Amino acid sequence: MKDLKYLAAFSIPIVAILGLSLKGPFAWATVVFAFGVIPILELIFPVDTENLDAEEVSSKLKKRVFDWLLYLNLPLVYGVLIYGLYVVFSSDLSMPEFIGFVFSVGIVLGVNGINVAHELGHRQTTNERFLGKALLLPSFYMHFYIEHNFGHHLHAATPEDPATARYNQSVYSFWVTSTFRQYRNAWKLQTKLLKSQNHGFFSFKNDMLWYSVFQTTYLAVIFIVLGPKSLLFAVLSGFVGFLLLETVNYIEHYGLLRHKTKSGRYERVREMHSWNSNHVIGRIVLYELTRHSDHHYKSSKKYQVLDCHDESPQMPYGYPTSMVISLLPPLWFKIMNKRVPESMITSRD
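Starting afresh in each chain, residues are numbered from 1 along the sequence in its written order. Totals for whole chains, interfaces and linings use all residues, but because this is a predicted model, local features are given only for residues with pLDDT of at least 70 and pairs of side-chain atoms are given and counted only at 80 or more. The side-chain figures draw on all heavy atoms in the structure; neither hydrogens nor water molecules are used.

Applied cut-off: UniProt positions are given in the numbering used here, feature names are shortened, and annotations may be inferred rather than shown by experiment.
Looking at an unreviewed UniProt entry, one finds the chain named Alkane 1-monooxygenase and attributed to Winogradskyella maritima. Turning to the chain, the UniProt annotation filed under Sequence similarities (unreviewed entry) states: "Belongs to the fatty acid desaturase type 1 family. AlkB subfamily." Within the UniProt record for the chain, the comment given under Subcellular location (unreviewed entry) is "Cell inner membrane".

## Notes on the packing of aromatic side chains
Just so we agree on the cut-off: Between the rings of Phe, Tyr and Trp (Trp by its six-membered ring), a pair exists once the centres lie within 6.5 Å; its type follows the angle of the planes, with under 30 degrees stacked, over 60 edge-to-face, and the other angles tilted. Numbering of helices and strands starts at the N terminus; helices are DSSP runs of H or I of at least 4 residues and strands are runs of E of at least 2. Remark: exposure states derive from per-residue accessible area (1.4 Å probe, protein chains only) relative to the maximum for the residue type, with buried under 20%, exposed over 50%, and partly exposed in between.
Enumeration according to the criterion identifies 24 aromatic pairs in this entry. Note on Tyr6 and Tyr303: the rings are 5.1 Å apart at their centroids and 85° apart in plane angle, and the pair reads as edge-to-face. With Tyr6 in the segment before α1 (11-22) and Tyr303 in the loop between α13 (292-297) and α14 (319-326), this residue pair connects regions lying 297 residues apart in the sequence. Across this residue pair, the class does not change: Tyr6 and Tyr303 are buried. Judged by centre distance (5.2 Å) and plane angle (85°), the rings of Tyr172 and Trp175 are edge-to-face. Taken together, the positions of Tyr172 and Trp175, both in helix α9 (residues 171-196) and 3 residues apart, correspond to about one turn of that helix.

## With respect to the UniProt feature "transmembrane region" (unreviewed entry) in the chain
The UniProt entry lists residues 28-47, 68-86, 98-118, 208-226 and 231-251 under the feature "transmembrane region" (unreviewed entry), expressed in the numbering used here. Taken end to end, residues 208-226 has its terminal C-alpha atoms 27 Å apart, with 100% of it in helix and 0% in strand. Counting secondary structure, residues 231-251 comes out at 100% helix and 0% strand; the distance between its end C-alpha atoms is 31 Å.

## Let's talk about a negative patch on the surface
The following threshold applies: Surface patches are drawn from residues lacking salt bridges whose relative accessible area is over 30%; two like charges belong together within 9 Å, two nonpolar side chains (Val, Leu, Ile, Met, Phe, Trp, Tyr) within 5 Å. Where accessible areas are quoted, they stem from the Shrake-Rupley method and a 1.4 Å probe; at the residue level, only the protein chains shown are allowed to cover. When a carboxyl oxygen of Asp or Glu lies within 4 Å of a side-chain nitrogen of Lys or Arg, that pair is called a salt bridge. The sign given to each residue is positive for Lys and Arg and negative for Asp and Glu; His and the chain ends receive no count. To locate a charge, take atom NZ for lysine, CZ for arginine, CG for aspartate or CD for glutamate.
The grouping of Glu50, Asp53, Glu55 and Glu56 at the surface amounts to a negative patch. For Glu55, the position within the fold is in helix α3 (residues 54-62).

## Re helix α8 (residues 144-155)
Keep this limit in mind: The span expected for a helix works out to 1.5 Å for each residue beyond the first. The criterion used for residue contact is that any of the two residues' heavy atoms lie within 4.5 Å.
For α8, which comprises 12 residues, the first-to-last C-alpha distance of 14 Å sits more than 12% below the rise-based estimate of 16 Å (1.5 Å per residue). Every buried residue of α8 is accounted for by Phe144, Tyr145, Ile146, Glu147, His148, Gly151, His152 and His153. At its buried positions, α8 is contacted by α6 (95-121), α7 (126-136), α9, α10 (207-226), α11 (228-253) and α13. Two residues or fewer past α8, Ala157 is found with a positive phi of approximately 65°.

## Here's the deal with the UniProt feature "domain: Fatty acid desaturase" (unreviewed entry) in the chain
The feature "domain: Fatty acid desaturase" (unreviewed entry), as given by UniProt, occupies residues 102-306 in the numbering adopted here. As a span, residues 102-306 carries 62% helix and 0% strand, and end to end its C-alpha atoms are 33 Å apart.

## Considerations on the nonpolar core
Quick reminder of the rule: Grouping buried Ala, Val, Leu, Ile, Met, Phe, Trp, Tyr and Cys residues that are joined through side-chain atoms within 4.5 Å yields what is termed a nonpolar core.
Of all hydrophobic cores here, the largest spans 84 residues; its most connected members are Ile12, Phe233, Tyr250, Tyr254, Tyr287 and Trp332. If one sorts the elements of this core by residue count, α6 sits on top with 12 residues. In this structure Tyr254 touches Ala165, Arg166, Tyr167, Asn168, Gln169, Trp275, Trp332, Phe333, Met336, Asn337 and Val340, once residues within four positions along its chain are discounted.

## Digging into the packing of helix α5 (residues 73-90) against α11
Let me state the cut-off plainly: Think of each axis as a best-fit line through the C-alpha atoms, taken over the contacting stretch in the case of a helix, with angles from 0 to 180 degrees between the N-to-C directions. Crossing handedness follows the turn of the near helix against the far one: under a right angle anticlockwise gives a left-handed crossing, and clockwise gives a right-handed one. Charged means Asp, Glu, Lys or Arg here, nonpolar means Ala, Val, Leu, Ile, Met, Phe, Trp, Tyr, Cys or Pro, and polar covers whatever is left, Gly included.
Following both chains from N to C, one finds α5 and α11 inclined at 145°, their axes separated by 9 Å at the closest point. The way α5 lies across α11 gives a crossing that is right-handed. Where α5 abuts α11, its residues Gly84, Leu85, Val88 and Phe89 lie against Lys229, Ser230, Phe233 and Ala234. A breakdown of the residues in the contact of α5 with α11 according to their chemical character gives 5 nonpolar, 2 polar and 1 charged.

## Some points on a nonpolar patch on the surface
Together, Trp28, Val32, Val37, Met95, Ile99 and Phe103 make up a nonpolar patch on the protein surface, roughly 510 Å² of accessible area in all. For the nonpolar patch, the secondary-structure elements that each account for two or more residues are α2 (29-44) and α6. It is α6 that provides the largest number of residues to the nonpolar patch, a total of 3 residues. You can see Trp28 is positioned in the loop between α1 and α2. Using a relative accessible area of 32% as the deciding quantity, one classes Trp28 as partly exposed.

## So, the pattern of salt bridges
Per the stated rule, a full pass over the model turns up 12 salt bridges. Linking Arg64 and Asp67 is a salt bridge whose minimum nitrogen-to-oxygen distance equals 3.0 Å. The partner of Asp294 in a salt bridge is Lys301, and the shortest N-O contact between them spans 2.8 Å. Overall, the relative accessible area of 1% leaves Asp294 in the buried class. Each of Arg64, Asp67, Glu119, Arg123, Glu128 and Lys302 takes part in one network of salt bridges that share partners.

## A closer look at the packing of α5 against α7
Spelled out, the test is: The labels follow the angle: roughly parallel below 35 degrees, roughly antiparallel above 145, roughly perpendicular from 65 to 115, and oblique for the rest.
Close contact between α5 and α7 brings their axes to 10 Å; oriented N to C, the two are set at 20°. The orientation of α5 relative to α7 falls into the category roughly parallel. The two elements α5 and α7 meet at a crossing, and its hand is left-handed. Every residue of α7 that contacts α5 at Asn73, Leu74, Val77 and Tyr78 is listed here: Leu131, Ala134 and Leu135. Residue composition of the contact of α5 with α7, grouped by class: 6 nonpolar, 1 polar and no charged.

See below:
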């Protein structure tokens, strides 16, 4: 039964479906649940720093249930999205209801969409990567696959990485710099790859071009079939989804910096270059994303066997709680700045 604990990640889309069905004040139920109830539960439940032994790791890697728990997010995410579009199209919603539904569906797109896409994007099979890219589409972040896998994991915790927040940078500033720089970097990486394979811009191998076509077609179909109000809903929900991702990006490497070696190259990514959290609720709901230090140490490692490392910088709260705190920059700086290793601050200066 312990293996099924990750079913708790489905609680967010379930709450979203209930909110869409009940309307009225329940339009905001997902927001309250994700950023009210879950952070409170994180404070109540204990921190778990235990790691699996070799036998347990081997056992969990053989169990397909962990993979299917990820795959099930595809019908769930698209089910919530389609239901949300239907409710917006068929109902005379008040402005508070409309905005509440935008955030509700956006949270599902971010947590159960982009977060799961991140895990699947690191898999070795084409089918799993395809599912990951499909989960990125409604948030207009299909380029994340390229930039994250071939850019972020190479440059994490360096000034060259758009997804690493600078010391004393607010989350709102980071939203702007990270969003635009990641998209630009994805195109640079794609162009470099095309040139290395002697392909032109309009080649079938240009994934970035295909992503643009898919995402534009997605919005065009919504506009043609459901009209401008549903189109606005889809656009705003997608924005909420990718801003949630960027908020997670913000807390994952905030203020951390890799040193340069005598050769002028950056040191290898180590456990100390990502913020780790062992708060149980956040770990379960986010499929162990909070053990981010181990993920960067070995990106091919599946979520169910990620470890906690003593040398990793530890967050005082879980990721969901930290995301809420990050929205209040003075409070975030007060809590987190003293936790950033002094050597990294000095290096940055």
